[in-house]
Amino acid sequence: MAYEVKDIKLAPQGLKNIGWAEAQMGALLEVKERFEKERPLSGYRIGMALHVTKETAVLVRTLVAGGAEVAITSCNPLSTQDDAAAALASEGVNVFAYKGESTEDYYRFLDQVIDFKPQITIDDGMDLVTRVHTKYPQLLSDMICGCEETTTGVIRLRAMEEEGALKYPIIAVNDCQTKHLMDNYYGTGQSSLDGVIRATNLLISGKIVVVAGYGNCGKGVALRAKGLGANVIVTEIDSFRALQAKMDGYRVMKMEQAAREGDIFITVSGNLHAISSEHIRLMKDGAVLANSGHFDHEIDVAGLKQMASDVQRIRPLFDQYIVEGKRIYLCGEGRLVNLACAEGHPSMVMSLSFCDQSLGVEWGIHNREALEPKVYKLPQEIDQTVARLQLEAMRVSIDELTAEQKEYLSSWQTGT
Ligand code: ADE
């Protein structure tokens with residue numbers, strides 16, 4: 001066992017925080033209990049590049065309960081919760097991560113996970129998959145499968161599959177309804193605002209909040225900003241999504257216009273430079289920028305740095321840039337604001353995402369002979385199982401189809 005964490009003495013606090021997370025993660029604990037009995041992952045080595053948080057620690061415990069050996073690093077230099085990392089190390093997990101790690105350490109830690117010779121990868125943003133394919137192709141033949149957590153990763157994996165570059169099967173956990181509808185919508189919605197508020201302590205009510213992107217994440221962010229009293233503007237490049245935003249009651253316009261009006265900007269577009277340096281030039285004095293998309297290039301931070309005549313860190317992970325005499329503020333260095341400036345999605349949300357991850361690993365192992373180097377969706381029954389486990393954890397009962405209703409649904413003769 002090996003580890004590299006900020007301070008192993010943080011472990012007792014980490015264990016308490018993981019306990020608190022577990023208390024909200026009933027569905028995942030159900031999977032863990034079954035894994036303890038059945039040991040479906042026995043003897044498999046799993047390499048993970050996920051945000052190292054208290055919730056991820058509960059996933060790691062679940063995989064270990066299933067019999068796996070695990071090595072984990074982060075998938076973002078600013079998202080590690082150092083106490084959770086220390087707690088995992090204290091439990092004997094190979095963990096390499098600290099909050100604020102350098103780019104050099106980020107890649108060194110990925111290499112340490114790869115040194116452990118994983119047969120299964122779990123990624124959030126596919127840095128691990130990319131690294132194995134580009135730097136360690138000799139390991140590809142031993143790979144059984146991988147799981148991908150996020151939309152950004154799945155888009156890139158599909159591009160890899162199309163080019164014939166993907167060399168082992170990947171399960172797009174992101175595409176489960178219990179993942180993208182819950183995590184992207186409720187999780188990103190709440191945690192992005194949480195990140196902006198913890199970074200700034202600004203009052204959201206009465207502010208103009210510009211949300212770049214109206215996918216599930218953008219919908220969640222816009223809804224929560226509206227709920228806090230903001231006047232919300234949405235920017236989009238997709239006509240249908242833009243139409244939906246308009247019908248949901250938001251103002252929709254080009255970023256070029258929104259840039260002049262907004263007080264707070266949150267990018268959730270999954271794309272490069274949703275806020276460009278040209279947009280930043282147009283902004284009002286005091287504008288606050290935050291990104292909640294996976295990568296830190298949704299806001300042109302390099303351009304912002306270049307334009308600035310002065311930069312000062314005025315609060316933890318909150319920087320003031322002077323651009324042409326105006327003050328422009330950036331949360332979390334343009335990295336995922338919910339994890340850099342707050343604690344990421346609430347534990348209950350991650351319980352569902354991580355049920356999908358652990359059941360995805362089990363499904364990949366079970367179907368290993370049949371799987372090809374492609375991107376797979378998990379079967380609908382697994383999604384339904386996860387939703388059911390969560391309903392049970394919340395003590396919610398639902399109706400079942402009667403025999404008569406089942407017959408009705410499978411017939412075609414009945415009409416008006
Ligand atoms: N992604 C978003 N929030 C997260 C969390 N709390 N833990 C792990 N990954 C996350």
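Residues numbered from 1 in each chain as written. Predicted model: local features only at pLDDT ≥ 70, side-chain atom pairs only at ≥ 80, totals over all residues. Heavy atoms only, no water.

### Digging into the overall build of the protein
Here is step 1: The helix and strand tally for the protein stands at 17 helices and 16 strands.
Here is step 2: Each principal axis of the C-alpha atoms in the protein carries an extent, and together these give about 70 × 65 × 45 Å.
Here is step 3: For the protein, the proportion of its 416 residues judged to be buried stands at 56%.
Here is step 4: Considering only contacts within the protein whose residues lie at least 6 apart along the sequence, 70% involve residues at least 24 apart.
Here is step 5: Summed over its atoms, the accessible surface of the protein is roughly 18500 Å², and 50% of this surface lies on carbon and sulfur atoms.
Here is step 6: The centroid of the 43 positive side-chain charges in the protein is displaced by 4 Å from the centroid of its 56 negative side-chain charges. (Helix = DSSP H or I, 4+ residues; strand = E, 2+ residues; numbered from the N terminus. Buried < 20%, exposed > 50% of the residue type's maximum accessible area, 1.4 Å probe, protein only. Contact = heavy atoms within 4.5 Å. Areas by Shrake-Rupley, 256 points an atom, 1.4 Å probe, with all protein chains shown as cover. Lys, Arg positive; Asp, Glu negative; His and termini not counted. Charge placed at Lys NZ, Arg CZ, Asp CG, Glu CD.)

### Quick notes on the pairing of strand β9 (residues 231-235)
It is a general feature of regular strands that their side chains alternate between the two faces of the sheet.
Here is step 1: Of all five residues in β9, four are buried, a share of seventy percent or more.
Here is step 2: Note that strand β8 (residues 208-212) and β9 share five bridges and pair parallel. What sits directly across from Val210, in β9, is Ile233.
Here is step 3: Traced from β8 through helix α9 (residues 216-227) to β9, the parallel crossover comes out right-handed.
Here is step 4: For the handedness criterion, the β-α-β arrangement of β9, helix α10 (residues 239-247) and strand β10 (residues 251-252) is classed as right-handed. (Pairing = 2+ DSSP bridges. Right-handed = clockwise from strand over helix to strand, strands pointing away.)

### Remarks on the sheet that holds β9
Think of a sheet as strands paired side by side through backbone hydrogen bonds, with each pair either parallel or antiparallel.
Here is step 1: Across the sheet, which stays open at both edges, the eight strands sit in the order β10-β9-β8-β11-β12-β15-β14-β13 with mixed pairing between neighbours. A strand with exactly one partner marks an edge of an open sheet, and here the two such strands are β10 and β13 (310-315).
Here is step 2: Where strand β14 (residues 318-323) lies against strand β15 (residues 326-331), six bridges are found, and the strand directions are antiparallel. If you follow Val323 over to β15, its bridge partner there is Lys326.
Here is step 3: In this fold α9 packs onto β8, β9 and β11 (264-267), with an angle of close to 175 degrees to the strand it touches most, β8. (Axes fitted to C-alpha atoms, helices over the stretch in contact; angles between N-to-C directions.)

### So, the site of the ligand
Here is step 1: Inspection of the region around the ligand gives His51, Thr53, Glu55, Thr56, Leu339, Glu343, Gly344, His345, Met350 and Phe354 as its neighbouring residues.
Here is step 2: Glu55 places a polar side-chain atom, nitrogen or oxygen, 3.0 Å from a nitrogen atom of the ligand.
Here is step 3: Between the ligand and the protein, one listed contact pairs a nitrogen atom with a backbone N or O atom of His345 at 2.8 Å.
Here is step 4: Protein chains shield 95% of the accessible area of the ligand, which is 260 Å² for the free molecule.
Here is step 5: Those elements that place two or more of their residues in the shell around the ligand are α3 (54-65) and α15 (347-366).
Here is step 6: Classifying every residue of the shell around the ligand by side-chain character gives three nonpolar, five polar and two charged. (Near = heavy atom within 4 Å. Polar contact = N/O pair within 3.5 Å; in protein donor to acceptor, adjacent residues only side chain to side chain. Nonpolar A, V, L, I, M, F, W, Y, C, P; charged D, E, K, R; others polar.)

### Describing the pairing of strand β12 (residues 287-291)
Here is step 1: In terms of residue burial, β12 counts as a mostly covered element, since five of its five residues are buried.
Here is step 2: As for the winding sense of the linkage, the β-α-β connection from β11 through helix α12 (residues 277-282) to β12 is right-handed.
Here is step 3: In the sheet, β12 pairs with β15 via three bridges, with the strands oriented parallel. Counterpart to Val288 in the pairing with β15 is Tyr329.

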